[in-house]
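Each chain, letter by letter, is given below.
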Amino acid sequence: MGMKKHNIVLIGFMGSGKTSNGIALSYKKKIPFVDTDHLIEQAEKRPITEIFATDGEECFRKAETACLTRLLENTDKTIISVGGGTPVRAENRPLLKQLGCVVYLRVKPETVIKRLKGDTTRPLLQGDNPEETVRRLMEAREEAYADSADVILDMDDYRNRDGVEAIVKAVKDFENREEKP
Ligand code: S3P
């Protein structure tokens, strides 16, 4: 594996705050923000719900991997938020690592359930029992998130600016460790 690029990559479950913290972080550090879900919607010219409904999850997962590959070619010094399922595909993990410092925003199922009540934009949570789905998926994914991460941050208790500060500090600590091994 070559040198890491200098992006900050936010991973974590749906509703863990990847987008909101990513945007705030982008303002604070004065570097751009991109969100792979949004890039995929732009490339496909249709919303994620429609990709899932028409072509299935596998089609979306392929688009995710293609999106990471493109980012490796054309993006640096950017805050990158990826979809909640991105680290689950084994082939995505080395791509995430190469993109930069991977920060896992870890939250409890209760936090996600509270935040995403009534959400209609996540195809995976539209079944009869979204609470059960959150718990099951989160447990199934925990190892993939932890394996992908350079830094793990528990985000349940942070509000707004505090969370952003915590991310900035964690990334700095990580970069210092990387520089002086
Ligand atoms: C997904 C998370 C979503 C989106 C898609 C699938 C997942 O992104 O990529 O609905 O598998 O967890 P967010 O984590 O930004 O909600």
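Summarised in this report is the structure supplied together with it.

A few words on the sheet that holds strand S5 (residues 151-154). Pairing within the open sheet is parallel, and its five strands lie in the order S2-S3-S1-S4-S5. The sheet is open, and its two borders are formed by strand S2 (33-35) and S5, each paired with just one other strand. Taking the axes of each pair of neighbouring strands and ignoring which way they run, one obtains an average angle of 25° across the sheet. Sheet topology note: the strand S1 (residues 7-11)/strand S3 (residues 79-81) ladder contains three bridges and is parallel. Paired with isoleucine 8 across the strands is isoleucine 79, a residue of S3. On top of the sheet, helix H2 (residues 36-44) reaches S2 and S3; it is set at about 65° to S2, its chief contact.

Within the secondary structure, lysine 18 is located in helix H1 (residues 18-29). No salt bridge forms around the buried lysine 18; measuring N to O, its nearest opposite-charge neighbour aspartate 37 is 6.5 Å away. Side-chain polar atoms of lysine 18 contact the backbone oxygen of glycine 12, separated by 2.8 Å. Look past the residues within four positions of lysine 18 in its chain and what remains in contact with it is Leu10, Ile11, Gly12, Phe13, Phe33, Ser81, Val82, Gly83, Gly84 and Leu105.

Following the criterion strictly, the structure yields 14 salt bridges and no others. One salt-bridge network, held together by shared partners, links Lys4, Lys97 and Asp150.

When two helices pack together, their arrangement is given by the angle between their axes and by how far apart the axes lie. In contact at an axis separation of 10 Å, helix H4 (residues 57-74) and helix H5 (residues 92-99) are set at 25° when each is read in the N-to-C sense. As far as their axial angle goes, H5 and H4 are roughly parallel. Seen from above, H4 lies across H5 with left-handed handedness. Where H4 approaches H5, its residues Thr65, Leu68, Thr69, Leu71 and Leu72 are matched on the opposing element by Asn92, Leu95, Leu96, Gln98 and Leu99. When grouped by side-chain class, the residues that make up the contact of H4 with H5 number six nonpolar, four polar and no charged.

Before going further, it helps to examine the site of the ligand. Inspection of the region around the ligand gives Met14, Lys18, Asp37, Phe60, Arg61, Gly83, Gly84, Gly85, Arg122, Pro123, Leu124 and Arg141 as its neighbouring residues. Taking aspartate 37, its side chain carries an N or O atom lying 2.7 Å from an oxygen atom of the ligand. Arginine 122 places a polar side-chain atom, nitrogen or oxygen, 2.8 Å from an oxygen atom of the ligand. Bound to the protein, the ligand loses 96% of the 390 Å² it would expose on its own. Residues that form the shell around the ligand fall into these classes: four nonpolar, three polar and five charged.

Time to look at the pairing of S1. Most of S1 sits out of view: five of its five residues are buried. Alternating residues of S1 divide into Asn7, Val9 and Ile11 and Ile8 and Leu10, and every residue in both groups is buried. Here S1 runs beside strand S4 (residues 100-106); their pairing, made up of five bridges, is parallel. In the sheet register, leucine 10 faces S4, and the bridge partner there is valine 103.

Locating alanine 66 in the fold gives a position in helix H4. Judged by relative accessible area, alanine 66 falls into the partly exposed class, the value being 34%. Taking the C-alpha atoms as reference points, alanine 66 and alanine 140, 74 residues apart in sequence, are found 24 Å from one another.

Rules and cut-offs
Residues numbered from 1 in each chain as written. Predicted model: local features only at pLDDT ≥ 70, side-chain atom pairs only at ≥ 80, totals over all residues. Heavy atoms only, no water. Pairing = 2+ DSSP bridges. Helix = DSSP H or I, 4+ residues; strand = E, 2+ residues; numbered from the N terminus. Axes fitted to C-alpha atoms, helices over the stretch in contact; angles between N-to-C directions. Contact = heavy atoms within 4.5 Å. Buried < 20%, exposed > 50% of the residue type's maximum accessible area, 1.4 Å probe, protein only. Lys, Arg positive; Asp, Glu negative; His and termini not counted. Salt bridge = Lys/Arg side-chain N within 4 Å of Asp/Glu carboxyl O. Polar contact = N/O pair within 3.5 Å; in protein donor to acceptor, adjacent residues only side chain to side chain. Parallel < 35°, antiparallel > 145°, perpendicular 65-115°, else oblique. Left-handed = near helix turned anticlockwise from the far one by under 90°. Nonpolar A, V, L, I, M, F, W, Y, C, P; charged D, E, K, R; others polar. Near = heavy atom within 4 Å. Areas by Shrake-Rupley, 256 points an atom, 1.4 Å probe, with all protein chains shown as cover.

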